[in-house]
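Single-letter residue listing:
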Amino acid sequence: MKKVAILGKCKAGLVEVPDPKPKEDWALVKVQAAPMCTEYKAFLAGKKTEYLGHEAVGEVVEVAQPCKVKVGDRVVVMPQYPCGKCQLCISGDYIHCENSYNFAKFIGSREGSATMAQYILKPSWLLPLIPDGISYEHASLALCALGPTFGALNLMNVGPFDTMLITGAGAVGLGGVVNARFRGARVIVAEFHPWRVKKARELGAEVVVDPRDEGCANQIKSLTNGIGVDKAMDCSGTVKAHRLCIDATRRKGHITFVGECSEETPIRISPDMIRKGLTLHGSWHYNLSLFPDVMKVIRNSPLIDKLMSHVFPMSKIQEAFEVSASHDCAKIILKPWE
Ligand SMILES: [Zn+2]
Ligand SMILES: [Zn+2]
């Protein structure tokens with residue numbers, strides 16, 4: 001099969017490797033759409049790797065034994081290789097599993113572990129079926145485009161009475177706007193990249209504020225009768241945005257952190273937490289039991305096409321990475337067989 005490799009600084013191409021083989025209750029999926037995520041960072045840094053991507057949808061083409069899917073099924077390939085046995089896995093919160101498979105040890109090779117490729121291997125219980133009438137491209141938005149923020153909004157029970165702040169309008173934050181609008185919330189976005197500001201407005205953000213402005217938190221408060229937003233969600237992974245979420249959220253409000261960040265964010269316990277009565281959450285992805293609801297957003301949101309800014313044949317991977325690195329994009333989808 002063909003798969004994507006980063007060959008040097010800002011240089012990507014395709015390499016040929018042996019087709020992977022399924023084992024036990026795992027299935028082989030022919031990848032029909034593979035959304036790009038944060039892989040552009042390795043592209044910019046010239047970090048040579050050929051195991052790229054964690055988002056895919058496709059068709060089951062081979063199983064090793066009778067399992068939860070059959071050949072011909074159209075499926076979403078859920079992320080990670082969780083054990084399937086621990087309490088978190090059984091409850092559907094598999095994304096937090098601490099006993100993930102050692103893929104190479106189990107399969108005997110690393111081939112089939114990355115999504116920016118023509119085939120991928122996955123335990124069959126992590127291959128929920130795509131409902132009839134939903135295309136592969138649309139279904140692929142059930143991964144990082146809509147997934148992390150769907151989980152976050154579900155956690156905070158966001159609804160039509162809420163005003164919501166979303167900091168960072170990359171592909172995840174823009175997916176957050178789609179999810180929040182689907183739930184009827186009023187949306188304020190904090191973003192400064194011009195392409196993304198425009199896109200956030202197009203997707204239904206009522207106001208887009210510039211997080212670099214000194215008075216940004218006060219500006220958001222003035223949009224909410226001086227009280228602050230009911231709920232906030234950070235999709236930027238920056239310490240400054242964490243602070244903006246805390247300062248711009250009302251007393252007894254909720255905040256969920258979605259954007260990855262390994263720096264320390266200072267929190268002042270009395271003014272930020274005790275006096276305000278804030279609730280802070282972390283959200284990585286959504287519980288597997290919510291998959292049918294994510295499909296409802298995909299089927300019924302009028303904004304869904306606008307979330308996919310580019311579709312590239314995988315053979316044009318260099319161009320796809322250049323667009324991804326420019327940030328002038330929402331979700332970019334690769335077609336591995338074109
Ligand atoms: Zn587990
Ligand atoms: Zn992703």
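Scroll up for the structure.
The shown structure was predicted, so the numbers you read here are calculated from the model rather than taken from an experiment. (Residues numbered from 1 in each chain as written. Chains lettered and ligands numbered in written order. Predicted model: local features only at pLDDT ≥ 70, side-chain atom pairs only at ≥ 80, totals over all residues. Heavy atoms only, no water.)

To continue, consider the overall build of the protein. Helix and strand counts for the protein come out as twelve helices and 14 strands. Dimensions of the protein, computed from the C-alpha atoms along their principal axes, are close to 60 × 40 × 40 Å. Within the span of the protein, comprising 338 residues, buried residues form 56% of the whole. Intrachain contacts of the protein at a sequence separation of at least 6 include 69% that bridge at least 24 residues. For the protein, the computed accessible surface area is about 14700 Å², with 51% contributed by carbon and sulfur atoms. Here the protein holds 41 positive side-chain charges and 35 negative ones, and the gap between their average locations is 2 Å. (Helix = DSSP H or I, 4+ residues; strand = E, 2+ residues; numbered from the N terminus. Buried < 20%, exposed > 50% of the residue type's maximum accessible area, 1.4 Å probe, protein only. Contact = heavy atoms within 4.5 Å. Areas by Shrake-Rupley, 256 points an atom, 1.4 Å probe, with all protein chains shown as cover. Lys, Arg positive; Asp, Glu negative; His and termini not counted. Charge placed at Lys NZ, Arg CZ, Asp CG, Glu CD.)

Our focus in this paragraph is the pairing of strand S6 (residues 119–123). Along any regular strand, the residues point their side chains to alternate faces of the sheet. For S6, the tally of buried residues reaches five of five residues, placing the bulk of the element in the interior. Here S6 shows no split at all, with Tyr119, Leu121 and Pro123 on one side and Ile120 and Lys122 on the other all buried. Bridge analysis of strand S3 (residues 26–35) against S6 gives five bridges, and the strand direction is antiparallel. Of the residues in S6, the one forming a bridge with alanine 27 is lysine 122. (Pairing = 2+ DSSP bridges.)

What follows deals with the coordination of the zinc ion (ligand 1). Six octahedral donors around a metal ideally make angles of 90 or 180 degrees; four tetrahedral donors ideally make 109.5 degrees. With distances of 2.3 to 2.4 Å, the protein atoms coordinating the zinc ion (ligand 1) are Cys83 (SG), Cys86 (SG), Cys89 (SG) and Cys97 (SG). One can describe the donor arrangement at the zinc ion (ligand 1) as tetrahedral, given that its four donor atoms subtend angles of 104 to 116° at the metal. Spacing between the donor residues of the zinc ion (ligand 1) along the chain follows C-x2-C-x2-C-x7-C. Across the pair, cysteine 89 and cysteine 86 agree in class, each one buried. (Donors = N, O, S within 2.8 Å, 3.2 Å for Na, K, Ca; no water. Tetrahedral: all angles 85-135°; square planar, octahedral: opposite > 155°, others 65-115°.)

Distances from the zinc ion (ligand 2) to its protein donors, Cys37 (SG), His54 (NE2), Glu55 (OE) and Cys144 (SG), fall within 2.0 to 2.3 Å. Geometry at the zinc ion (ligand 2) is tetrahedral, judged from the four donor atoms that bind it and their angles of 91 to 127° at the metal. Mapping the donors of the zinc ion (ligand 2) onto the primary sequence gives the spacing C-x16-H-E-x88-C. In this structure histidine 54 comes out as partly exposed when scored by relative accessible area, which is 33%. Overall, glutamate 55 belongs to the buried group, its relative accessible area being 0%.

Moving on, we come to helix H5 (residues 147–155). Judged by how many residues are buried, H5 sits mostly within the fold: seven of nine residues are covered. Buried within H5 are the following residues: Gly147, Pro148, Thr149, Phe150, Gly151, Ala152 and Leu153. At its buried positions, H5 is contacted by strand S7 (163–167), helix H6 (171–182), strand S10 (229–234), strand S11 (249–257) and helix H11 (291–300).

A separate point is the pattern of salt bridges. Between side chains of opposite charge, pairing is possible as soon as their charged atoms come close. Following the criterion strictly, the structure yields 16 salt bridges and no others. For lysine 231, the salt bridge is made with aspartate 162, and the minimal N-O distance between the two is 3.0 Å. With lysine 231 in strand S10 and aspartate 162 in the loop between H5 and S7, this residue pair connects regions lying 69 residues apart in the sequence. An identical accessibility class is assigned to lysine 231 and aspartate 162; each is buried. A salt bridge links glutamate 202 to lysine 199; the shortest N-O distance between them is 3.5 Å. Note that glutamate 202 and lysine 199 are positioned in helix H7 (residues 194–202) at a spacing of three residues, about one turn of the helix. Judged by relative accessible area, which is 10%, lysine 199 ranks as buried. Salt bridges here are not isolated pairs; linked through shared partners, they connect Arg243, Asp247, Arg268 and Asp272. (Salt bridge = Lys/Arg side-chain N within 4 Å of Asp/Glu carboxyl O.)

This brings us to H7. Within H7, burial applies to Arg196, Val197, Lys199 and Ala200. Down the axis of H7, the smallest arc covering the buried residues is 165°, so these residues share one side. Turned more than 90 degrees away from the buried face of H7, the exposed residues are Pro194 and Lys198. Summarising the contacts, the buried residues of H7 are in contact with H6, strand S8 (186–190) and strand S9 (207–209). The positive-phi residue at the C-terminal boundary of H7 is glycine 204, with phi of around 115°. (Arc of directions from axis to C-beta.)

Our next topic: the nonpolar core. Judged by nonpolar contacts, the single largest core of 58 residues is most densely connected at Val76, Met78, Met164, Val189, Met233 and Ile298. Residue assignment for this core shows that the elements contributing at least two residues are helix H4 (136–139), H5, S7, H6, S8, H7 and H11. With five residues, H11 is the single largest residue contributor to this core. By size, the runner-up hydrophobic cluster in this structure holds 41 residues, among which are Trp26, Ala27, Phe106 and Ile107. (Core = buried A, V, L, I, M, F, W, Y, C linked by side-chain atoms within 4.5 Å.)

Interpretation in functional terms is not warranted from these geometric data alone.
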